[in-house]
Amino acid sequence: MSADAILYAVEPDLTADAFIDVLHRSGLAERRPVADRPRVEAMLRNAGLIVTARNADGALVGVARSVTDFAFCCYLSDLAVDRACQGRGIGKELMRRTRAAVGEGVTCLLLSAPKAITFYEAAGMERHAQAFLFTEKP
């Protein structure tokens, strides 16, 4: 494997430490509850699909964490790629592998942070105006 090679895998037992670390290195930590370890552990435990990207040394450089039923829908909740590795197609490949893992006929969707909209558009994703948040305020 070359020094630039990336190994992708479905990794259901990803540790909270590794996940939190890549969230920090990607910039996504500012929008995730990384200080609440039990919550992060629950996020990982209850995800239906976790696809990872690791470099030749085995270090985690990207992760796609999805909630899915593998039959009708898949919500890609977290797509994080280490800033040092961005621009190499890792995020696009994580999305492609997520799509492949859930199978044909499953609708895949995600919500984008404002700064990431251009990435998703460049990745060929179609923007939809029909999305709604229905969380209640306490």
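Anyway, here's the lowdown on the structure attached to this text. Because the structure is a prediction, the values reported are computed rather than measured.

### Some details on the environment of Arg127
Thinking step 1. With respect to the helices and strands, Arg127 occurs in the segment after α4 (117–122).
Thinking step 2. Using a relative accessible area of 58% as the deciding quantity, one classes Arg127 as exposed.
Thinking step 3. Along the primary structure Arg127 and Arg97 are separated by 30 residues, whereas in three dimensions their C-alpha atoms are 20 Å apart.
Thinking step 4. Apart from residues lying up to four places away in sequence, Arg127 is in contact with Ile117 and Glu121.
Thinking step 5. At a separation of 2.6 Å, a polar atom in the side chain of Arg127 contacts the side chain of Glu121.

### So, the sheet that holds strand β1 (residues 7–10)
Thinking step 1. One open sheet holds the five strands; their spatial order is β1-β2-β3-β4-β5, and the pairing between them is mixed. Of all the strands in the sheet, the pair left with one neighbour each is β1 and β5 (107–109). Going across the sheet, the axis of each strand differs from the next one's by a mean of 20°, ignoring polarity.
Thinking step 2. Alignment of strand β4 (residues 73–81) against β5, held across three bridges, turns out to be parallel. Within β5, the position partnered with Cys73 by the bridge is Thr107.

### Observations regarding the packing of aromatic side chains
Thinking step 1. Enumeration over the complete set of coordinates arrives at one aromatic pair.
Thinking step 2. Aromatic side chains Phe119 and Tyr120 sit 5.1 Å apart centroid to centroid with 70° between the ring planes, which places their arrangement in the edge-to-face category.
Thinking step 3. With relative accessibility at 31%, the residue Phe119 sits in the partly exposed group.

### Focus on the pairing of strand β2 (residues 49–54)
Thinking step 1. Most of β2 sits out of view: five of its six residues are buried.
Thinking step 2. In terms of strand pairing, β2 meets strand β3 (residues 60–68) through six bridges, oriented antiparallel. Bridged to Val51 within β3 is Ala64.

Calculation notes
Residues numbered from 1 in each chain as written. Predicted model: local features only at pLDDT ≥ 70, side-chain atom pairs only at ≥ 80, totals over all residues. Heavy atoms only, no water. Helix = DSSP H or I, 4+ residues; strand = E, 2+ residues; numbered from the N terminus. Buried < 20%, exposed > 50% of the residue type's maximum accessible area, 1.4 Å probe, protein only. Contact = heavy atoms within 4.5 Å. Polar contact = N/O pair within 3.5 Å; in protein donor to acceptor, adjacent residues only side chain to side chain. Pairing = 2+ DSSP bridges. Axes fitted to C-alpha atoms, helices over the stretch in contact; angles between N-to-C directions. Phe/Tyr/Trp six-rings, centres within 6.5 Å; stacked < 30°, edge-to-face > 60°.

Function cannot be read off these values alone, since they describe shape.
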